[in-house]
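Listed here are the chains, written in short residue letters.
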Amino acid sequence: MTTQGGANLHVDDSATTTLGTATNAIDGDLIVDGGATLNINTDTTVAGGDITTSGTSAVVTRTAGTPTLTVSGTGSLGGGTTPTLSLYNLTLSGTPTLASDMTVANNLTLPASVTAGSTTVTMTGTSAALVGGGSTITNLTINPSSAGTVTLQTSDVTVSNTLTVATGDTLSLGASRTLSLSSTSGTLTLDGTISGSGTLSYAPTSAFPTSGTISSPLRMNATGGSQTLGARTYGNTVEMYNNSASNGRSVELSVGTTTFSSSVTLNAANSQDVTLTGVTNNPTVNISGDVDYTGVAAGTEAIVTGTGTWTVSGNVDFTGGTVTATAGNTLVMNGSGKTLTSAAQTLQNVTLSGTITLANATHTIAGNLDLTGSTITAGSSTVTMTGTSNTITGGSQTLNNLTIDPASTGTITLQTSDLKVGTGSTARLLGFWDGGSAPAGWSCQSCGSGDFYQRFPRGAATYGATGGTATHTHSVSWVSSGNNSTSYVSVDSTGSGIAYAVDPHTHDSLTAASTGTGTNLPTY
């Protein structure tokens, strides 16, 4: 069927019309009245832009074939009361308005601008394509008639309200594609699977659901409000993201065990911060990939661990952000060929059981350090232990520098297995004990000879400095007498005196002397 000059095709009340020829070109609009049915079974183009269903229960459907309905222009699809729009392939161009819910049994192609109102688009094809066009629709349901896959391809799409993936069905996000669930009040009903190498961007402030399967990359887009990650397995990279210029945001981990099958990244993409926090629910966290801060804007990326154990099989790099490791938290690194870059952050308990390189910096540990089963490449790094009652399990590994520096008076105990400090050298440690023989495994350096024999050690900036001699003396000095030119009087027995002037003279005196030697050593 072909109409020209802007002519419409109008299916009147209660009538049924079938477009079954090879192709149909409607130069105007399609109008289907209440109770009427239009079957579109072959390729049809509607140039006028409108498919208007008026009255009650108008039907536009496909009963045979694999037709494509192409609608261009600025018109609307649907209308009236309880219409049925059930199409096979639907291609929209121009700036259409969706006036009613519709079902697409195969492929759907959208333009850049769609006015969707409160409508729902349901895709029921078992191997169908969705070309998003960069448009925004309100509700999208993936519900093939039997187990099937709908693939987002070519261009992106935004869903502003509800995204539903039914049980047994898959929404696959094609390479470089993004499906955005954009509203903070939006809903994801995930009973099936979201897969692919494209990204699901999730903005709702309600917790990410724990049902179904998510194996595509996930962006937790907290720009509009802080969020919650449900305790579940996330099958690909998960990014905590905030692009707000006015509010810092957090993504909170739920109670239980959260497993990330790939990497976890944080990206403060604007001037405000983004925080991944476990401090409220103290979860157990397993990460198969890396932990990394990727933002380059002014905002800060931060992690607050909670008391649970975080096990990371990839690299850990806290450069550019902060970590608040809650007392009781343990960071386990069990990967092969991985690097710990603590970036001047203080960690709590650290267990290294993989093949781990310590970045060439200082790693501060406030809890216990366990190197059992590890192979450590220490480089020029320093490990500083600041706890007041903690342990090191050496695992027969070698650290480059080890500093024991509790925040207040405290003890760090080496237990279970040995530790070497310094490549090719043995650590010099100094211990004190009350009387008796040295403890087992220690050599006494002050028991009869050596640098410390009968010496009282003192602190010094470098090893080998001394604190003075073992003995001391006191020196004494006197000055010589000066000239004497004073007259004196000689008195005889009669009481008379005669004054004599005496020539000046001096008296010799001792000018220097020393006392006996005294000891400087204290009583042992």
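Residues numbered from 1 in each chain as written. Predicted model: local features only at pLDDT ≥ 70, side-chain atom pairs only at ≥ 80, totals over all residues. Heavy atoms only, no water.

(A) Structural context of the overall build of the protein. Looking only at helices and strands, the protein has zero helices and 60 strands in total. Per-residue burial for the protein yields a buried fraction of 42% across its 524 residues. A separation of at least 24 residues holds for 34% of the contacts in the protein among residues at least 6 apart in sequence. For the protein, the exposed area adds up to about 24,300 Å²; of that, 48% sits on carbon and sulfur atoms. (Helix = DSSP H or I, 4+ residues; strand = E, 2+ residues; numbered from the N terminus. Buried < 20%, exposed > 50% of the residue type's maximum accessible area, 1.4 Å probe, protein only. Contact = heavy atoms within 4.5 Å. Areas by Shrake-Rupley, 256 points an atom, 1.4 Å probe, with all protein chains shown as cover.)

(B) Focus on the pattern of salt bridges. Inspection of the entire model under this criterion finds two salt bridges. We note a salt bridge from Arg177 to Asp156, for which the minimum N-O separation is 2.7 Å. Here the residue Arg177 occupies a position in the loop between strand S21 (170-173) and strand S22 (178-181), and Asp156 occupies one in the loop between strand S19 (149-152) and strand S20 (157-165), the gap between them amounting to 21 residues. Of the charged contacts in the structure, one is a salt bridge between Arg219 and Glu239, with a shortest N-O distance of 2.6 Å. One end of the pair, Arg219, is in strand S27 (residues 218-221); the other, Glu239, is in strand S30 (residues 238-242), and 20 residues separate them in sequence. Judged by relative accessible area, Glu239 falls into the buried class, the value being 14%. (Salt bridge = Lys/Arg side-chain N within 4 Å of Asp/Glu carboxyl O.)

(C) Structural context of the side chain of Ser195. Following the sequence through the fold, Ser195 ends up in strand S24 (residues 193-196). Residue classification places Ser195 among the buried positions, given a relative accessible area of 16%. Setting aside chain neighbours within four positions, we find Ser195 in contact with Thr170, Leu171, Ser172, Leu173, Ser215 and Ser216.

(D) Molecular detail of empty space enclosed by the protein. On inspection of all chains with the given rule, the structure shows three cavities of 30 Å³ or more. Within this model, the largest cavity holds a volume of roughly 120 Å³. Lining the largest cavity are 13 residues, and of these Thr305, Trp310, Phe318, Val323 and Leu331 lie nearest its centre. (1 Å grid on protein atoms, 1.4 Å probe; cavity = no way out; pocket = protein on both sides within 12 Å on 5 of 7 lines; lining within 4 Å. Points joined across faces, edges and corners; volume = space filled by probe spheres on them.)

(E) View of the packing of aromatic side chains. One pass over the full model with this rule turns up four aromatic pairs. Ring plane angle 65° and centroid distance 4.9 Å describe the contact between Tyr202 and Phe208, whose orientation is recorded as edge-to-face. Classification of Phe208 as buried rests on a relative accessible area of 1%. Plain terms: the ring middles of Tyr293 and Phe318 are 5.8 Å apart, the flat faces sit at 40° to each other, and that makes the pair tilted. Of this pair, Tyr293 sits in strand S36 (residues 291-293) while Phe318 sits in the loop between strand S39 (316-317) and strand S40 (321-324); the two residues are 25 residues apart in sequence, bridging distant segments of the chain. Accessibility assignment for this pair places Tyr293 and Phe318 in one class, buried. Here the aromatic cluster, defined as three or more aromatic residues joined through ring pairs, consists of Tyr202, Phe208, Tyr234 and Phe260. (Phe/Tyr/Trp six-rings, centres within 6.5 Å; stacked < 30°, edge-to-face > 60°.)

(F) Summary view of the sheet that holds strand S37 (residues 301-304). Overall, parallel pairing links the five strands, which are arranged S28-S31-S34-S37-S40 in an open sheet. Each of the sheet's edge strands pairs with one partner strand only, and the pair in question is strand S28 (227-229) and S40. Mean inter-strand twist for the sheet, computed between neighbouring axes without regard to direction, equals 15°. For S28 and strand S31 (residues 249-253), the ladder comprises three bridges, and the chain directions are parallel. Note that in S31 the partner of Thr228 across the bridge is Glu252. (Pairing = 2+ DSSP bridges. Axes fitted to C-alpha atoms, helices over the stretch in contact; angles between N-to-C directions.)

(G) Layout of the sheet that holds strand S1 (residues 9-11). Reading across from one edge, S1-S4-S7-S10-S13 is the order of the five strands in this open sheet, with parallel pairing throughout. Every interior strand has two partners, whereas the edge strands, S1 and strand S13 (97-98), have only one. In the sheet, S1 pairs with strand S4 (residues 30-32) via three bridges, with the strands oriented parallel. Directly across from His10, in S4, lies its bridge partner Ile31.

(H) View of unusual backbone geometry. Phi is positive for Ala344, which is not a glycine, with a value near 70°. Among the secondary structure elements, Ala344 is positioned in the loop between strand S42 (336-341) and strand S43 (346-347). Its identity is not glycine, yet Ser396 carries a phi of approximately 60°, on the positive side. Mapped onto the elements of the fold, Ser396 is located in the loop between strand S50 (389-393) and strand S51 (397-399).

(I) View of the pairing of strand S46 (residues 362-365). Examined bridge by bridge, S43 and S46 share two bridges and lie parallel to one another. Bridging from a neighbouring strand, Thr346 pairs with Thr364 of S46. Pairing geometry for S46 and strand S49 (residues 382-385), over four bridges, is parallel. Paired with Thr364 across the strands is Thr384, a residue of S49.

(J) Region of the structure containing the side chain of Asp29. The topology assignment puts Asp29 in the loop between strand S3 (23-26) and S4. A distance of 3.2 Å separates a polar side-chain atom of Asp29 from the backbone nitrogen of Asp50. Apart from the residues within four sequence positions on either side, Asp29 is in contact with Ala7, Asn8, Leu9, Val46, Gly48, Gly49 and Asp50. (Polar contact = N/O pair within 3.5 Å; in protein donor to acceptor, adjacent residues only side chain to side chain.)

(K) Spatial organisation of the environment of Thr515. With respect to the secondary-structure elements, Thr515 resides in the loop between strand S59 (513-514) and strand S60 (518-519). Along the primary structure Thr515 and His472 are separated by 43 residues, whereas in three dimensions their C-alpha atoms are 9.7 Å apart. Apart from the residues lying within four places of it in its own chain, the contact partners of Thr515 are Thr473 and His474.

(L) Geometry of the environment of Leu340. When you line up the elements, Leu340 lands in strand S42. The spacing of Leu340 and Val291 is 49 residues in sequence and 9.9 Å in space, taken between C-alpha atoms.

(M) A look at the pairing of strand S5 (residues 37-40). In S5, alternate side chains face the same way, and those of Thr37 and Asn39 on one face and Leu38 and Ile40 on the other are all buried. In terms of strand pairing, strand S2 (residues 16-19) meets S5 through four bridges, oriented parallel. Looking at S5, one finds that Thr17 is bridged to Leu38. Relative to strand S8 (residues 59-61), S5 runs parallel, the two being bridged by three bridges. When the bridges of S8 are listed, Leu38 appears paired with Val60.

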